[in-house]
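# Topology and contacts: notes
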Amino acid sequence: MTSAVFADLPPEAYQDASWIQVLPWLTHHTPATARELTELTPSPDWWLTESPAVTTMTADHEALCRHLARLFLVRHSEDAFGPSFPTVSRSLPLSTLSTGARARTAFQRLLVQTVADLESMSVRDLYDVRGTGQGTVEEVISALVSAAIVRPGDLNDGFFPDSEDLAESASTAALPPAQAQLLEDLGQLAAWRHIRQRGEQPLLKVVIDDGAPEQIQEVALRLNSLTAGDIAGSILTSDPVLEFTALLSDFDDRQLRILRDRFLGRPPKKLAQLANEFDVSRERVRQIENKIRELLAGTFHFGTSIGNLLASLRAEIQPIAALNRLITLHPDLARDVPGVDVPLWLVLDRLDDYFEVTDGWAAAPDVNAAREQTRTLLEDFATEHGLVDLAAVTAATAMPRTELLEWLTWCGYTLHNNQVLTRIRSLSDHAAGLLAATGEPLHIDELQLQMGRDNSIRSLANQLGEDERFVRTDRATWGLASWKMEEYTSIRQQIGLELAAAGGQIEIARLIDSITSRFDVSSSSVQAYAGNGDYEIAQGVVRRRESPVAPRKAPTATRRLFRHGDWWKFRITITRDHLRGSGFPVPSGVANLVGCSQGEVVELESDLGTQSIRWTGLQPASGTIKRFLDRLEAREGQTAFLEFGPYGRFNLSIDDRVALEADQLDQAVSLIGAEGVGTPEEATMALAYSVGLPLDAKPRQILAAYRQRGDDDIAGLLEQVWTRPRHQWVNQAEVVDHIAAETGQNEPGEADSENETTAHNDLDNNSTDTDELTESESADQDDDQLLVGWVPVPTGYRSVGWVRPHEAEAAVLAYQLHADVPVHDGEKITGWARYVDDSSIDASKFRANVTVVRSRTHGERIVCWIREHEAFSITQAAVEERSVPILGPDETITGLVEYFRPGSAAAERYRSTTRLLRA
C-alpha cells in the first residue's frame, strides 16, 4: 500500500487509546534507547505520551509502521504476536492485511488464515518458513502494527479504499500467492539487473531431465532465455546528478560551503578554519556536518537513483575495483556535480562509508583492508614456497585478469611464469619462490637478475648457502633441495666423495674427468685442490694426505696478531662489511691459534654466543662480529681487536686510546693492543713479548721481527724511535729509474700485448712499496748493491708480476662468481679482482677474464691479467710453500709460480711470496 491510501484515513479512524495500550512492548523503550523513533514526529517521546490518533496527524502512516516494525524485529524477536498486538481482532482474515505476495506466500506455507492462527507465533517462527527473509518478516509485522493502530470498525470500511493501487494489483490478486510472489520477485530482479547494466543476461537457469518431453524442454528454453529486458524493458530512472543537485537547492549557504569545503574538499578544510570563517565554534561546524551526513544517508536509500547506483557499486567492489572500470560501467560517475564542482564518484565516496577511492582504486572499506583480504586469498592458494597460480586466483575473484594483475603489482607482488610470488620480503624467500616458479636450477647471476634486488652476488650466495631449502647443483648454480638433485658442495668435498667411492685413491686424470663432466669446474681447479690440504698427488694418483698439512704460519709470525699473557689479540680496522654482518678472512696463524685445520670449523665461546672460525675454503675466515660491534656502538674506520683466550674463549674490544700525533712508541704500543704500559722500558718489553721474543730482546731484534712479520706500520714507528731519520736514506725510486734507464726497459705500468711485464718491470710494478727500506738499505749503499736484490727470471719464462696469495684467492673467487671481488689483506680492501665476461674485448685480447688491480691514493693500478688455472697455482704454491708448475686446460705446462719464503730478500722487497711466470 502507498502512503496516499493511508493519508485518506480521517483521524477518527485511528485508535485514541495510548500507544502503550495498543502496543504494550513499547513500555520498555525510552528516547535514549529508541533513538530511531524520536525524529518521526515533533514530540520526541510520542509513544509514551500520545495515542495513534494524535501521532498520525503529524507522522506518515507507513513510515510510522515501518519504524515500529523494525524496532520489534530487532528487540522483540522472541515475543509472541498475540500479546504484542492485543487490539487486532483475532478473527481478522490475514488476506485483509496490507501485505504483498511474499507475505501471503509465507501465510500459505504456514497454513494460517486469521490473526488468531499467528497468536502464539514469533519472529523466529516466520524466519523458519522456507524462502522467507527479513523483508518478508518486516512486511508482516508492519501490517500487524498498521492493523493495531486502526479502529476495528474501519478495517473493512476505510482501510482498503478503492484506489489505483488496488486496480493495478487486481490481475495478481486472483493468482495463488506463490505465483503472485514469483511475478513480483522477477520484476525486482529485472530492475536490479538494469541497475547493474546487465539487462541482457538471463534471469533464470532451469535444469530439466534429459528425457523430458519436447514441450517441457521448450518451456525450459523459454525460461532460460528470459532477460531483464523481457520483464521490465528499460527501467527509467532519474538522473543521479540532477537528483543530488535538487537536494543541494534546499541547503543554505553555510550548509553548502561546509558540504563543499569540509565534506567534499580535496583535502577537506579543518574545523577550526571553517569556524573562523563562519564566526562560530568548531563544535557547531561539526554539528552541521553531522546533520548533512545524516540527511544524505537518509535521503538516498535504495530505490532512489543515487541509492541504486551506490548499491551497484557495492556489489562491484568485492573488495576492490579499478575506478576506470566503474566509470565505464556507470558513466555518470565521471560527471561533475554543479554547486560543488567535483565528480559524482567523489560525492558517492564521501557519502558512503562502505568504500573509499585511493590512487585510482575503489576499495571496501579501504585499500588497506582490501590488500589484507587479497593477502588472505593468496595464502589459501599458496604452495610451500609461496607460489600462487595466476589462473586459480583469477577464477576466485570477480576482477578482470588485466585489472587483477595491476592490483597485485600495486600491492607489491611480483609475477614469474604466470605464478604470483607472495613471499619476497627476505632474500632467501624470494629466491625460493623464483626457483619454484622457474622449475629448474638457475645460475646465481641469472637468479640475481630475475630477482631485481639491490644486493651483491656474494650476499645472495651466503644466504642460499645458510638456508637448508637450497642446494648448490653446480659451482655457481642453485636449486631447491626438494628437487632431490645431486648436490655440489665444493671441489674439495667432491674429491673426498670420489676417493671414498674408489676405495681411497684414484688416478688424477680419472678424477678430473669425473668431476668436470658433472660440474662446471676446470681441470686445473680440480688438480689444484687434489694436491692441496687433505689430499696429495703421488705418481699421478690422488689420495688422502697421510699427515696433516702444517699451518701456513705460526701465531708469533702472523702479522697483526699479538700475545698478551694467556690471550692473543688480532687487530683489524672496522669496515662497512663488518658492520653489515659479513664474515671476513683471517690469517692461517689465527686458525692455528684456535686449533682450526683445513676443512674444519671451530666454535669459540663468548658473552654473546658462539663465534666461529672456519677453514672450509682456501683461506680461513671468521664469522660475523656484528653483534659485538653493535654492543660497542662501533663506527667504520675504528681499530678493533679480536681477542682469543684460553679454553676457547673469544672477545672483541675497540682501541682508540692514542691519537696520531702521540709519541711514536705510544702509537706502536697501541697498535699491539697492550694495556698498562707506562715507561719506554715497559713498552719495549711489551713489544718484544707480543711477537714471541724474550723480554730483554734488543730494539734491533724487535724491529727485525716486526719487519719479518709484515707489521710495517709498527716497524715504521719503531724505526723513527730507534734508527736514523728516514730523510737521510737514499731515494730508492730514483735508483729504480736509473736501473730502468740502464736496462732499456718499459716505463712503469707499460706491458706487452698481453699486459705481461718483464722481470725488470716487476720492480717498477711495486715501486710504491720500495720506499719502505730496511735498516740495511742505508745511505751508504750504491746502485750496484741495490741490483743485488734483483730476482732473475728463469730461462724460458717471462715475468707477469708479483701476485700476492690473497690477490690470487680473490681472482679464484671472481672466476667462480663471475663478479668483481675485493682483495682483503685481512685488515682492509687493498685492491680488486675485476671480472669481465667472454664477450669483452679485453678477455679476448689477454686470454683472461680477471684483472688484478691495487688501490692507490690517486686511483687503481693494474698488476696483471690472470687466468683461472694461474690463480689456483699461486694459492697452491702458497699453501705448499714451494714453487709449482702451472698446468693449462690441456694439461701442458704454461708457466711457473715461484715461491719465496717469508722474510727472504725477494719477499720483503716485493711484499709477496709468489711471482707469476709464463712460458
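Residues numbered from 1 in each chain as written. Predicted model: local features only at pLDDT ≥ 70, side-chain atom pairs only at ≥ 80, totals over all residues. Heavy atoms only, no water.

Our next topic: the packing of aromatic side chains. In total, this model carries 16 aromatic pairs according to the counting rule given. Residues Trp 407 and Trp 410 carry aromatic rings whose centres are separated by 5.4 Å and whose planes lie at 15° to one another, so their mutual orientation is stacked. Pair noted here: Trp 407 and Trp 410 are both in helix H26 (residues 401–410), with a separation of three residues, about one helical turn. The class of Trp 410 is partly exposed, set by a relative accessible area of 28%. The interplanar angle of 75° and the centroid separation of 5.3 Å between the aromatic rings of Phe 628 and Phe 650 together place this pair among those described as edge-to-face. (Phe/Tyr/Trp six-rings, centres within 6.5 Å; stacked < 30°, edge-to-face > 60°. Helix = DSSP H or I, 4+ residues; strand = E, 2+ residues; numbered from the N terminus. Buried < 20%, exposed > 50% of the residue type's maximum accessible area, 1.4 Å probe, protein only.)

Within the element layout of this structure, Arg 918 appears in strand S30 (residues 914–918). A polar side-chain atom of Arg 918 sits 2.8 Å from the main-chain carbonyl oxygen of Trp 865. At a separation of 2.7 Å, a polar atom in the side chain of Arg 918 contacts the side chain of Glu 870. (Polar contact = N/O pair within 3.5 Å; in protein donor to acceptor, adjacent residues only side chain to side chain.)

Before going further, it helps to examine the confidence of the model for the protein. On average, residues of the protein score 80 in pLDDT, and 86% of them reach the 70 mark or higher. Ignoring residues within four places in sequence, the model shows residues 156–171, a span with pLDDT below 50, making 20 contacts including any to other chains. The model gives residues 725–789 a pLDDT under 50, and that stretch makes 110 contacts with residues more than four places away or in other chains. (pLDDT = per-residue confidence, 0-100. Contact = heavy atoms within 4.5 Å.)

Under the 1.5 Å per step criterion, the end-to-end length of helix H45 (residues 868–880) is 18 Å for 13 residues, consistent within 8% with the ideal 18 Å. H45 sits mainly inside the fold: twelve of its 13 residues count as buried. Among all positions of H45, only Glu 868, His 869, Glu 870, Ala 871, Phe 872, Ser 873, Ile 874, Thr 875, Gln 876, Ala 877, Ala 878 and Val 879 are buried. Following H45 by one or two positions, Glu 881 has its phi on the positive side, about 55°. (Expected span 1.5 Å × (residues − 1).)

Further remarks concern unusual backbone geometry. Each neighbour pair has its own omega, and for Gln 318 with Pro 319 the value is -5°, a cis peptide bond. By the secondary structure assignment, Pro 319 is in the loop between helix H21 (305–316) and strand S1 (320–322). Cis geometry is found at the peptide bond from Ala 364 to Pro 365, where omega equals -10°. As for its position among the elements, Pro 365 is in the loop between strand S5 (361–363) and helix H24 (367–381). Notably, Arg 847 is not glycine yet its phi reads approximately 55°, a positive angle. For Arg 847, the location among the structural elements is in the loop between helix H44 (841–846) and strand S26 (850–856).

Taken in spatial order, the three strands make up an open sheet running S12-S14-S13, and their pairing is antiparallel. Of all the strands in the sheet, just strand S12 (505–507) and strand S13 (535–538) have a single pairing partner and so form its edges. Across the sheet, the mean angle from the axis of one strand to that of its neighbour is 25°, orientation sign disregarded. Bridging between S13 and strand S14 (residues 541–544) involves four bridges; their strand directions are antiparallel. Among the inter-strand pairings, Ala 538 is bridged to a residue of S14, identified as Val 541. (Pairing = 2+ DSSP bridges. Axes fitted to C-alpha atoms, helices over the stretch in contact; angles between N-to-C directions.)

Let's shift gears to the environment of Glu 486. On the secondary structure map, Glu 486 appears in the loop between strand S11 (477–480) and helix H30 (491–501). The sequence separation of Glu 486 and Thr 473 amounts to 13 residues, and the corresponding C-alpha distance is 6.3 Å. Excluding residues that lie within four positions of it along the chain, Glu 486 makes contacts with Arg 472, Thr 473, Arg 518 and Phe 519.

Attention shifts here to the packing of helix H43 (residues 805–817) against H45. H45 packs onto H43 with a crossing angle of 140° between their chain directions and a minimal axis gap of 8 Å. What the angle tells us is that H43 and H45 run oblique. When the axes of H43 and H45 are compared, the crossing they make is left-handed. For the pair H43 and H45, the contacting residues are Pro 805, Ala 808, Glu 809, Ala 811, Val 812, Tyr 815 and Gln 816 in the first and Glu 868, Ala 871, Phe 872, Ile 874, Thr 875 and Ala 878 in the second. Split into classes, the residues belonging to the contact of H43 with H45 amount to nine nonpolar, two polar and two charged. (Parallel < 35°, antiparallel > 145°, perpendicular 65-115°, else oblique. Left-handed = near helix turned anticlockwise from the far one by under 90°. Nonpolar A, V, L, I, M, F, W, Y, C, P; charged D, E, K, R; others polar.)

So, on to the sheet that holds strand S19 (residues 611–614). The strand order S17-S20-S19-S18 describes an open sheet built from four strands, whose pairing is antiparallel. Here the strands that pair on one side only, and so sit at the sheet edges, are strand S17 (584–585) and strand S18 (601–604). The pairing of S17 with strand S20 (residues 621–622) spans two bridges and is antiparallel. Each bridged residue has a counterpart across the sheet, and for Phe 584 the counterpart in S20 is Ser 622.

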